[in-house]
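Here's the letter readout for the chains.
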Amino acid sequence: MLRLITGIRGASGFGSASTAEEVTEGIDASGFTVIVTGGASGIGWETARVLALRKAHVIIAARNMEAANEAKQHILNENRAARIDVQKLDLSSMKSVKAFADNFLALNLPLNILINNAGIMFCPFQLSEDGIEMQFATNHIGHFYLTNLLLDKMKETARATGIGGRIVNLSSVAHLVCPYEGIRFHNINDKDSYQDKLAYGQSKLANVLHANELSRRLQEEGANITVNSVHPGLIMTNLMRHSAFLMRILRVFTCFLWKNVPQGAATTCYVSLHPSLKGVTGKYFVDCNEYKPSKLARDEVLARNLWDFSNNLVNASQKIDK
């Protein structure tokens, strides 16, 4: 908490006041292809902008194509040499996730970095088109499925280039505020017991568990890909549209805890690109420094159960589509 308030830098040399440009200064990402989900606004946009500034080829994956094209144009207005493309992706729809992956793979591009950034927060109860509670569907299942569909391409790229791939899941300190059992496997879609804050925390816990379990599996396989999760910090973005009034009141009393967007994108960009993290995997980062997440987030059995549960949801949806 003291570091967050004061901006004191940690072991990495960076802290809560560091910006995305600062933590990537001097890094040449030319030759890298990066997918940023939710890259049309907020910290996703800043992440896309800074990675393009470092010469990466950035694919902005977004549900709103008008906003995505505007985001692309803003980046090009600032940096005419930027390589930016946009593709449609609705993470709450497995059909859309599959279509995005198919379209990307058809381009025959390499894939070095996947940033699972997009999300929704504190929304009223709703089921996705696949019949899954919307926050869990968007924040976790969509990214779980997308990552699995793109994993072979990332392995192929890492083998061909000799450069380790990186997957970054955006979680949140909100993973601490979740159901007591962590993931409500048996009543994930129960409307009567739904609480928007707990459902959000559950989805953010799932982001950490997913990163940890995927990291374990890739290490066992010997794949040259790292997987880590990050907490970007408290930032007022469109993510908070369902609770904007409450967040504005909260911000008045906790102003010293909040970051601006360039600071909010710093940890994502640091974990995605910084050479000091070569080979570092299965970790959770806050303010560009490794941090210990909750006990539930470190539960290996829970992580494996979540993996199986997520696979079952994906497989069930695919059977229905057929």
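Residues numbered from 1 in each chain as written. Predicted model: local features only at pLDDT ≥ 70, side-chain atom pairs only at ≥ 80, totals over all residues. Heavy atoms only, no water.

- Under an unreviewed UniProt entry, the protein has the name Short-chain dehydrogenase TIC 32, chloroplastic-like and belongs to Anisodus tanguticus.
- Taken from UniProt, the Sequence similarities (unreviewed entry) comment for the protein reads in full: "Belongs to the short-chain dehydrogenases/reductases (SDR) family." (UniProt positions renumbered as here; feature names shortened; annotations may be inferred.)

1. Details of the packing of helix H6 (residues 134–161) against helix H7 (residues 196–221)
Point 1. Relative to each other, H6 and H7 sit at 20°, their axes nearing to 8 Å. The pairing of H6 with H7 is recorded here as roughly parallel in orientation. Regarding H6 and H7, the two cross each other, and that crossing is right-handed. Residues Gln135, Phe136, Asn139, His140, His143, Phe144, Thr147, Leu151 and Lys155 of H6 pack against Asp196, Ala199, Tyr200, Gln202, Ser203, Lys204, Ala206, Asn207, His210, Leu214, Leu218 and Glu221 of H7.
Point 2. Of the residues that constitute the contact of H6 with H7, the class distribution is eight nonpolar, nine polar and four charged. (Axes fitted to C-alpha atoms, helices over the stretch in contact; angles between N-to-C directions. Helix = DSSP H or I, 4+ residues; strand = E, 2+ residues; numbered from the N terminus. Parallel < 35°, antiparallel > 145°, perpendicular 65-115°, else oblique. Left-handed = near helix turned anticlockwise from the far one by under 90°. Contact = heavy atoms within 4.5 Å. Nonpolar A, V, L, I, M, F, W, Y, C, P; charged D, E, K, R; others polar.)

2. A short note on unusual backbone geometry
Point 1. The phi angle at Lys55 is positive, at roughly 80°, despite the residue not being glycine.
Point 2. Mapped onto the elements, Lys55 comes out in the loop between helix H3 (42–53) and strand S2 (57–62).
Point 3. Residue Phe122 is not a glycine yet carries a positive backbone phi of 55°.

3. Digging into the packing of H3 against helix H10 (residues 266–273)
For any two helices packed against each other, one specifies the inter-axial angle together with the distance between the axes.
Point 1. Where H3 meets H10, the axes come as close as 9 Å, and the angle between the chain directions of the two elements is 40°. With respect to H10, the element H3 is oriented oblique. Our pair here, H3 against H10, has a crossing hand that is right-handed. The segment H3 lies against H10, with Thr47, Val50 and Leu51 engaging Thr268, Cys269 and Leu273.

4. Description of the pairing of strand S3 (residues 83–88)
Point 1. Bridge count between S2 and S3: six bridges; the pairing is parallel. Counted as the bridge partner of Ile60 is Val86 from S3.
Point 2. The handedness of the S2 to S3 crossover, carried by helix H4 (residues 65–78), is right-handed. (Pairing = 2+ DSSP bridges. Right-handed = clockwise from strand over helix to strand, strands pointing away.)

5. Structural notes on the sheet that holds S3
Point 1. The eight strands lie next to each other as S3-S2-S1-S4-S5-S6-S7-S8, forming an open sheet whose pairing is mixed. Edge positions in the sheet fall to S3 and strand S8 (289–290), since each of these pairs with one other strand and no more.
Point 2. Contacts from H7 reach strand S5 (165–170), strand S6 (225–231) and strand S7 (284–286), with the element oriented near 160° to S6.
Point 3. The sheet contacts of H10 involve strand S4 (113–116), S5, S6 and S7, and relative to S5 the element is tilted by about 160°.

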